[in-house]
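Listed here are the chains, written in short residue letters.
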Amino acid sequence: MCPDSVGRDGWPRVIGPIDTDAADEVSVRAFRTHYYRPDAPRPVILRAGGASAALAARWRDEFLRRRLGSTALSVYVSADGRFPGGEGPYDPTKYRHVEMRLDECLDRMRGVVARPILSPLEKYYLYQSPAHLFAAILADYTPPAYVPDDVEVNANVWLSSPGAVTPRAATR
């Protein structure tokens, strides 16, 4: 990726439009020709079906609860459902990271809340959760063929409440 800038955390920041490829399959040749070019790499969101669609169909609440329900995770909580990105700092009365089990997080995402953490309208977000915490379900995932063998892949899991919003510009 050819970043427009690099944040304080060292991660690239892309400013401007990002291509979206909705093809059912993206060939290795097409990926390397259009996106992964050493001279001018371009960020892209791949919305391909195939394995991703099959996994999404299987990874429903009950499956996740059975396989990972007791797993402790850091959950990002927002009082109003907006989740700013970036380094912060953010108002702790509006945004907070809370450790909870996945089964509790799923309950909260579905509106089953014993006691709100920040507000009755809060939303929940597993934000860049390290993939190794989901090892019990990632065994049936195979990275797409277009991912070059010589590239280290940083895999994360993202899961949110319905209606959660991650605005482009951080809201404090």
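Placed above this text is the structure.
Because the structure is predicted, anything quoted here is derived from the model rather than measured. (Residues numbered from 1 in each chain as written. Predicted model: local features only at pLDDT ≥ 70, side-chain atom pairs only at ≥ 80, totals over all residues. Heavy atoms only, no water.)

Novice: Explain the overall build of the protein to me, please; I cannot follow it from the model alone.
Specialist: Broken down by element type, the protein carries five helices and eight strands. Start at the N end of the protein and walk to the C end: the helices and strands fall as β-β-β-α-β-α-α-β-β-α-β-α-β. Taking all 172 residues of the protein together, the buried fraction comes to 28%. Taking the contacts inside the protein whose residues are at least 6 apart along the sequence as the reference set, 72% of them involve residues at least 24 apart. Element-wise, carbon and sulfur atoms account for 54% of the exposed surface of the protein, whose accessible area totals about 11100 Å². (Helix = DSSP H or I, 4+ residues; strand = E, 2+ residues; numbered from the N terminus. Buried < 20%, exposed > 50% of the residue type's maximum accessible area, 1.4 Å probe, protein only. Contact = heavy atoms within 4.5 Å. Areas by Shrake-Rupley, 256 points an atom, 1.4 Å probe, with all protein chains shown as cover.)

Novice: Help me out: how do you make sense of the sheet that holds strand β8 (residues 156-160) in this one?
Specialist: Backbone-to-backbone hydrogen bonds pair the strands of a sheet. The strands run either parallel or antiparallel. Strand order in the open sheet formed by four strands is β6-β5-β7-β8, with antiparallel pairing between adjacent strands. Two strands close off the open sheet at either side, each with one partner strand: β6 (95-101) and β8. Averaged over all pairs of adjacent strands, the angle between their axes in this sheet comes to 30 degrees, without regard to strand direction. Here strand β5 (residues 72-78) pairs with strand β7 (residues 123-130) via three bridges, running antiparallel. Opposite Val 77, over in β7, you have Tyr 124 as the bridge partner. The sheet strands contacting helix α4 (residues 102-109) are β5, β6, β7 and β8, and the helix crosses β6 at an angle near 125 degrees. (Pairing = 2+ DSSP bridges. Axes fitted to C-alpha atoms, helices over the stretch in contact; angles between N-to-C directions.)

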